[in-house]
Amino acid sequence: MSLIDLNAADQDTLDTVPGLEGHGPEIVRYREERGGFTDLRQLEEVPGLTGKVDDAIRQRLTLE
């Protein structure tokens with residue numbers, strides 16, 4: 001399994017992560033508005049993802 005860079009992936013790639021399906025556009029919008037993610041826990045701040053991001057999702061992501 002290759003990791004997906006949360007700060008570089010496009011919305012279609014983000015939508016391939018189990019648990020993030022359909023949230024790609026919101027993740028990209030959040031990233032663009034705030035200048036990127038500095039911690040994977042910030043994914044919880046994306047509208048629609050509060051309380052839904054678990055370790056299985058985080059294990060598929062990286063910040064580069």
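Described in the following lines is the structure provided in the data block. (Residues numbered from 1 in each chain as written. Predicted model: local features only at pLDDT ≥ 70, side-chain atom pairs only at ≥ 80, totals over all residues. Heavy atoms only, no water.)

A separate point is the side chain of Thr62. Structurally, Thr62 can be placed in strand S2 (residues 61-62). Each residue touching Thr62, except ones within four places of it in the same chain, is listed here: Leu3, Ile4, Asp5 and Leu6. (Helix = DSSP H or I, 4+ residues; strand = E, 2+ residues; numbered from the N terminus. Contact = heavy atoms within 4.5 Å.)

Along the chain, Gly48 falls in the loop between helix H2 (24-34) and helix H3 (55-58). Each C-alpha atom, one on Gly48 and one on Gly24, is 11 Å from the other, the two residues being 24 residues apart in sequence.

In total, this model carries four salt bridges according to the counting rule given. Notably, a salt bridge pairs Glu33 with Arg34, separated by 3.5 Å at the nearest N-O pair. Across the pair, exposure class does not vary: Glu33 and Arg34 are exposed alike. Across the salt bridge formed by Glu44 and Arg58, the nearest N and O atoms sit 3.8 Å from each other. Placement of the pair is Glu44 in the loop between H2 and H3 and Arg58 in helix H3, with a sequence separation of 14 residues. Judged by relative accessible area, which is 22%, Arg58 ranks as partly exposed. Look at the salt bridges and you will find they share partners, linking Glu44, Asp55 and Arg58 into a network. (Salt bridge = Lys/Arg side-chain N within 4 Å of Asp/Glu carboxyl O. Buried < 20%, exposed > 50% of the residue type's maximum accessible area, 1.4 Å probe, protein only.)

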